[in-house]
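# Overview (structure and organization)
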Amino acid sequence: MMKKILLMNGPNLNMLGVRDPAIYGTDTLATIEAEFAAYAAERGAAVDCFQSNHEGALIDRLHEAYGCYDGIVYNPGAHTHYSYALHDAVETIDVPVVEIHLSDIEAREEFRRVSVIAPACIAQVKGLGKAGYLRALDILLDGPAGKDGASEAASAPAAEGPAAGGAR
């Protein structure tokens, strides 16, 4: 049976390709979504994509995911650092969620280093550029390989993040 995956992106990610390309790269969200969907299809999974700049719309979409999806790859954007409402929504639904960040949030400004959403997720992938989305999908489909709740960061030099289409 084909697994159903929801790819969610939060505020300002609709501006990828325009917003600070030195940090976030030049790929658009549409490009990332298309590459993610193609990779998921190769892996035998179907994907729905959703992006919103509004916290309530993201919460509603998480609630709607309950009972409908086998997993969620979620880049909460700036909500990562303060939205306990999104944390609670992720924690409430019985769907595994992998938090993704294109940049390494722990190597950024102090206020970006803490995720209040990660504790509700099965894993966090950061600093791998757009390839991090694919790694997050692999975690959902194959399991975190003993890294339940763990964080994965780039092992490559930081300069490769933006070159790989890195964004947050």
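Note that the structure is a prediction, hence the values are computed from the model and not measured.

What follows concerns the overall build of the protein chain. Along the protein chain, the regular secondary structure elements total six helices and six strands. For the protein chain, the N- to C-terminal ordering of α and β elements is β-α-α-β-α-β-α-β-β-α-β-α. Looking at the protein chain as a whole, 46% of its 168 residues are labelled buried. For the protein chain, the share of sequence-separated contacts (at least 6 apart) that also reach a separation of at least 24 residues comes to 80%.

With that settled, the discussion passes to helix α4 (residues 84-92). Residues of α4 that are buried: Leu86, His87, Ala89 and Val90. What you see down the axis of α4 is that its buried residues fit within an arc of 165°, all on one side. Exposed residues lying more than 90 degrees from the buried face of α4 are Tyr84, Glu91 and Thr92. Lining the buried residues of α4 we find α3 (55-65), β3 (71-75) and β4 (97-101).

With that settled, the discussion passes to the packing of aromatic side chains. Per the counting criterion, the structure on display carries zero aromatic pairs. One cation-aromatic arrangement involves Arg61 over Phe50; the distance from NZ or CZ to the ring centre is 5.8 Å.

What counts as what
Residues numbered from 1 in each chain as written. Predicted model: local features only at pLDDT ≥ 70, side-chain atom pairs only at ≥ 80, totals over all residues. Heavy atoms only, no water. Helix = DSSP H or I, 4+ residues; strand = E, 2+ residues; numbered from the N terminus. Buried < 20%, exposed > 50% of the residue type's maximum accessible area, 1.4 Å probe, protein only. Contact = heavy atoms within 4.5 Å. Arc of directions from axis to C-beta. Phe/Tyr/Trp six-rings, centres within 6.5 Å; stacked < 30°, edge-to-face > 60°. Lys NZ or Arg CZ within 6 Å of the ring centre and 35° of its normal.

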